[in-house]
Amino acid sequence: MGGFAGHTGSAYLAHSVNIAGEVDTLRDHLKKVADRAAEYAEAFNAAPEAYLAGLLHDIGKYGDAFQRRLRGEVRGIDHWSLGAWIALMRYRASGIAAALSIQGHHAGLKKASRDALKELDPARLSGNQSTDLVLSEKDVAVLFERIEGDGLELPPPEQIVDPIYKHSNGAKASGMLDVRMLFSALVDADFIETEAHFNAKKKGERAYREPGLSLKPDSLLAHLLAYIGELAEESTASPDVRAMRDDLLNACLSAAEYPHGLFTLTAPTGTGKTLSMLAFAMKHASQNNLNRIITVLPYLNIIEQTVGEYQKAFASVIAEEDMHKYVLEHHSLAGLGKDENTARQGIHEDEQNRHHQERLLAENWDAPVIITTSVQFLESLLSNRPSACRKLHRISNSVVLFDEIQTLPIGLVIPTLATLSRLAEKYNSTIVFATATQPAFSHLETHVRRYCSFGWSPKEIVPEELGLYQRARRNRIKWFEGAGHSLSWQDLAILLADDTCEQVLCIVNLKRHALALFNELVETGVPDIFHLSTNMCPAHRREVLREVCSRLKDRKPCRLVSTQCVEAGVDVDFPLVYRALGPMDSIAQAAGRCNRNGRLGFGEVVLFTPQDAEGRNIYPDGSYRQAAVITNSFLRTYDDQELDINSPHIFEEYYRELYDVAKPEARKKDLLDAIDLRDFEKVASNYRIIENNTINILVPYNPGIFTLLAEEARNNRLNAKWIARARPYAIGLFKPSADNPVSSYIEPVPIGKGAFSENWFVYLNENHYCPETGLNPPEGMECFIG
């Protein structure tokens, strides 16, 4: 690598003076960023390229125009394109990844096509009238002269013997991830060094953030296993269920000794997957010298529960005041965005410091255990933005645990598998897909190989000879015995009100269906009925579930009408479950809430097709509808016999049929075309786990708390502490259009003088929040999720 050549001073600056009155010289900034980027990229053998990118990323700041900008004399200066062009011209193909990273370190990664890279030519840029930016210097020779005069030397081209990105590689998703990883190392290093300059309070010092804690998997595993043992002793589950949980844990510990790679963990619901796969991750990290465990969950409503489980498991070894630095929760409701208002609101200093530490750790995932959402993890992995990508280099040398991966939108399956496969292949990471209903992704191997040559051939953690699914048969599944297996809400309410079974769960596909059925049940006059949906805020749902679980335990009457939210990480145990026809994996999740702990001989799950009196669509979206139709066709063959849904082979057959019909390789053509073109911007804009924009609404579940939080938001503006306190009392909606009546009932939370949040709102009509069913405005329900 290049380096200093003994120069003692620099007339060129990277940044303006900090609060200590000290400038940041360009020579120091380039060298520090280069060294730090190389350190980050060492984990995936790309240190020379990262060092090169660090030296060149701000070389344009040697231009006189940029120095004038620092003095406030001019604006609109492009200081990045020249560094990218130098990387291309001097290092040719070996400099492509560095060039793209340098070009995008402010505005984001662009496009890796040859034509797009040619546009970096200063002659073309100078004549480009489509941008308001002006190059900091037109003559590259001037920049070379000044960087050399500052004692910095670029590494010789022959030093980059195996570039991270190879343009000729046909597996384009792989190549794009390679660029993002180098980009991540550069932008994180740049952020850290720039921050250290501006946070310094004394001359001659740089104020670096506190580094994250190390994993220490051996110590944590011992405490985790002790905690699992305590839970087993306290469990009221049947001996058979406890034995299955022990067998699953032992299988995970045994498989953890394998080298890093791709894994599946296929086990029935109720067998303790959450903690068993964490035990796998801890031992596997120890065996393979991995640095981090990242747990990826599909739904926000199960994150808090999982965080709580992890914290309880580690409570005996990690002090409460340090837990937030060890187990980092990162998602849209975590309140970890930039927070400039907290300090002036009189918040207790310890709490203020904790929020600040969490935000810093979340920026680049510098924590040993991360719990995040599919949206946060996967959209970052295919992003082009510096802020989203800066954490990606931390995913190398990690164990990544995906829970309920079958929720991944089918149009995203191919590029997602290809990108995750590359993580395992090149970045020494382990990927685990844990679910009771394992998708037959291996069926898509040929299509995945088009985007990543490593393909998709995971190893199953649970040996088939354990026979977990056969042992887990705790219920019988049958169709409702009526014409077409069809039921109206009124007839279904009569069945649920039958006093021969006073503990019953009914799961439907849509919120309006849950509301209609609940209202029909109210009309029957039967007592002890409950409703659950995400129209109810988390605090409200927790209160309902607390009462439901208490009644189930005490064998009291309890009739629960719910949407699919009860199928995600909710531990309830009913003797009888009704399930509206839906995708096969949803039916299996519903069955997992029937005789969950095996205390009955067999529970009963009844499938039915709902009659929607309004004649509207009975499914949330097209993909869900298609999966339900295939499930219906698939299961009709069992009309006259009991359905054995406790079989991985049934799910493999189902998913193969689903993929043959749905053709994930032909979905999202804009996304796949963007990957073929290596267009980072278009890939990022087309890769969306949730297609619609969602917002958070503070709702009046608890009038006293609601009034307090609403007033605080109006008076103090949006801040991390407020978000953390508001989360239990907020629901998510698709952003309503201007002509939707709901838009007149929401007020945006202020973030500054005359500026308002686009993500956080306060609901204005307290009469619209029902104590039984949550937020139900008289009209405008089309913006409600599900």
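Caption draft 1: How the structure looks around the overall build of the chain. Assigned secondary structure in the chain consists of 30 helices and 24 strands. For 786 residues, the compact-globule estimate of 2.2 N^0.38 gives 28 Å, and the chain sits close to it at 28 Å. Viewed in the frame of its principal axes, the chain has a C-alpha envelope of about 90 × 60 × 50 Å. Looking at the chain residue by residue over its 786 residues, the buried ones come to 58%. Accessible surface, the chain as shown: approximately 32000 Å² in total, 47% of it carbon and sulfur. Here the chain contributes 84 positively and 103 negatively charged side chains, and the mean placements of these two sets differ by 4 Å.

Caption draft 2: View of the pairing of strand β7 (residues 327-330). Burial along β7 is two-sided: Val327 and Glu329 and Leu328 and His330, pointing in opposite directions, are all buried. With four bridges connecting them, β7 and strand β8 (residues 369-373) associate as parallel partners. Directly across from Glu329, in β8, lies its bridge partner Ile371.

Caption draft 3: Inspection of the side chain of Asn776 at higher detail. The residue Asn776 is located in the segment after β24 (774-775) in this model. Judged by its relative accessible area of 18%, Asn776 is buried.

Caption draft 4: Spatial organisation of the sheet that holds strand β19 (residues 694-698). Sheet architecture is open: four strands sit in the order β20-β19-β22-β21, paired in mixed fashion. The strands lining the two open edges of the sheet, one partner per strand, are β20 (730-734) and β21 (746-752). Sheet twist, expressed as the average angle between the axes of neighbouring strands with direction ignored, equals 40 degrees. Bridge count between β19 and strand β22 (residues 755-763): three bridges; the pairing is parallel. Note that in β22 the partner of Leu698 across the bridge is Val762.

Caption draft 5: Summary view of helix α18 (residues 413-426). Between its terminal C-alpha atoms α18 stretches 20 Å, which fits the 20 Å expected from 14 residues at 1.5 Å a residue. Summarising burial for α18: 12 of the 14 residues are buried, a large majority. Looking at α18, one finds that the buried residues are Val413, Ile414, Pro415, Thr416, Leu417, Ala418, Thr419, Leu420, Ser421, Arg422, Leu423 and Ala424. Note on α18: the residue one or two positions beyond its end, Asn428, has a positive phi of about 55 degrees.

Caption draft 6: A look at the packing of aromatic side chains. Under the counting rule described, the total for this entry stands at 20 aromatic pairs. Relative to Tyr659, the ring of Phe441 lies with its centre 6.2 Å away and its plane at 10 degrees, an arrangement referred to as stacked. In this pair, Phe441 sits in the loop between β10 (430-435) and α19 (445-449) while Tyr659 sits in helix α26 (residues 648-662), placing the two residues 218 residues apart along the sequence. For Phe441, a relative accessible area of 4% corresponds to the buried category. Ring centres of Phe634 and Tyr654 lie 6.4 Å apart, and the angle between their planes is 70 degrees; on these two criteria the pair is classed as edge-to-face. One end of the pair, Phe634, is in helix α25 (residues 622-635); the other, Tyr654, is in helix α26, with 20 residues separating them in the sequence. The pair formed by Phe634 and Tyr654 is uniform in burial state, with each residue classed as buried.

Caption draft 7: Molecular detail of the pattern of salt bridges. Throughout the structure, instances matching the rule amount to 39 salt bridges. Arg209 is paired through a salt bridge with Glu363; the nearest N and O atoms lie 2.6 Å apart. On the criterion of sequence distance, the pair formed by Arg209 in the loop between α9 (172-198) and α10 (217-234) and Glu363 in helix α15 (residues 349-364) is long-range, its members being 154 residues apart. Linking Asp676 and Arg450 is a salt bridge whose minimum nitrogen-to-oxygen distance equals 2.9 Å. Of this pair, Asp676 sits in helix α27 (residues 669-676) while Arg450 sits in the loop between α19 and β11 (459-460), and the two are 226 residues apart along the sequence.

Caption draft 8: Spatial organisation of the pairing of strand β5 (residues 262-266). Burial analysis of β5 places five of its five residues in the buried class, the great majority of the element. In this structure, β5 lies alongside β10, joined through five bridges in parallel fashion. When the sheet's bridge partners are listed, Leu262 is paired in β10 with Ile431. Note: β5 against β11, two bridges, orientation parallel. Note on β11: the bridge partner recorded for Thr264 is Glu460.

Caption draft 9: Quick look at the environment of Gly603. Inspection of the secondary structure puts Gly603 in strand β18 (residues 603-610). Considering only alpha carbons, one finds Gly603 and Thr534, 69 residues apart in sequence, at a separation of 27 Å.

Caption draft 10: Local environment of the nonpolar core. Counting residues in hydrophobic clusters, the biggest one holds 178 residues, and the most contacted among them are Phe377, Phe402, Leu420, Leu423, Ile431 and Trp722. Broken down by element, the residue count for this core peaks at 12 residues, all from α9. If we skip the residues at most four places from it in the chain, Ile431 touches Gly261, Leu262, Phe263, Val400, Phe402, Leu420, Leu423, Ala424 and Trp456. Core analysis: the next-biggest nonpolar cluster, separate from the first, contains 50 residues, Leu248, Leu253, Phe314 and Leu401 among them.

Caption draft 11: Quick peek at the confidence of the model for the chain. Of the residues in the chain, 91% have a pLDDT of 70 or more, and the chain-wide mean is 89. pLDDT under 50 marks residues 2-8. Its contacts with residues more than four places away, or in other chains, come to 21 contacts. Counting contacts from residues 335-351, a segment whose pLDDT is below 50, to residues more than four positions away or on other chains yields 30 contacts.

Caption draft 12: Main features of the packing of helix α1 (residues 26-41) against α9. Between α1 and α9, the least distance of the axes is 8 Å, while the angle of their chain directions is 135 degrees. As the angle between them shows, α1 and α9 are arranged oblique. The element α1 and its partner α9 pack so that their crossing is right-handed. Residue-level inspection shows His29, Lys32, Val33, Arg36, Ala37, Tyr40 and Ala41 of α1 in contact with α9, the latter providing Ala185, Leu186, Asp188, Ala189, Asp190, Ile192, Glu193 and Thr194. Of the residues that constitute the contact of α1 with α9, the class distribution is eight nonpolar, two polar and five charged.

Caption draft 13: Structural view of the sheet that holds strand β9 (residues 398-403). Ordered by their spatial adjacency, seven strands build an open sheet running β7-β8-β6-β9-β10-β5-β11, and the pairing between neighbours is parallel. Both outer strands of the open sheet, β7 and β11, are each paired with one neighbouring strand and no more. Sheet analysis places strand β6 (residues 292-297) next to β8, joined by five bridges and oriented parallel. Residue pairing for β8: Ile293 is matched across the bridge by Val369. Strands β5, β9 and β10 of the sheet are contacted by α18, whose axis makes an angle of about 130 degrees with β10.

Caption draft 14: Quick peek at the environment of Tyr62. Tracing the backbone shows Tyr62 in the loop between α2 (47-56) and α3 (64-70). In this structure Tyr62 comes out as buried when scored by relative accessible area, which is 0%. Through-space distance from the C-alpha of Tyr62 to that of Leu13 is 7.9 Å; in sequence the pair is 49 residues apart. Setting aside chain neighbours within four positions, we find Tyr62 in contact with Tyr12, Leu26, Arg27, Leu30, Leu143, Arg146, Ile147, Asp150 and Leu152. Reaching out from Tyr62, the side chain makes a polar contact with the side chain of Asp150 at a distance of 2.7 Å.

Rules behind the numbers
- Residues numbered from 1 in each chain as written.
- Predicted model: local features only at pLDDT ≥ 70, side-chain atom pairs only at ≥ 80, totals over all residues.
- Heavy atoms only, no water.
- Helix = DSSP H or I, 4+ residues; strand = E, 2+ residues; numbered from the N terminus.
- Rg over C-alpha atoms; globule rule 2.2 N^0.38 Å.
- Buried < 20%, exposed > 50% of the residue type's maximum accessible area, 1.4 Å probe, protein only.
- Areas by Shrake-Rupley, 256 points an atom, 1.4 Å probe, with all protein chains shown as cover.
- Lys, Arg positive; Asp, Glu negative; His and termini not counted.
- Charge placed at Lys NZ, Arg CZ, Asp CG, Glu CD.
- Pairing = 2+ DSSP bridges.
- Axes fitted to C-alpha atoms, helices over the stretch in contact; angles between N-to-C directions.
- Expected span 1.5 Å × (residues − 1).
- Phe/Tyr/Trp six-rings, centres within 6.5 Å; stacked < 30°, edge-to-face > 60°.
- Salt bridge = Lys/Arg side-chain N within 4 Å of Asp/Glu carboxyl O.
- Core = buried A, V, L, I, M, F, W, Y, C linked by side-chain atoms within 4.5 Å.
- Contact = heavy atoms within 4.5 Å.
- pLDDT = per-residue confidence, 0-100.
- Parallel < 35°, antiparallel > 145°, perpendicular 65-115°, else oblique.
- Left-handed = near helix turned anticlockwise from the far one by under 90°.
- Nonpolar A, V, L, I, M, F, W, Y, C, P; charged D, E, K, R; others polar.
- Polar contact = N/O pair within 3.5 Å; in protein donor to acceptor, adjacent residues only side chain to side chain.

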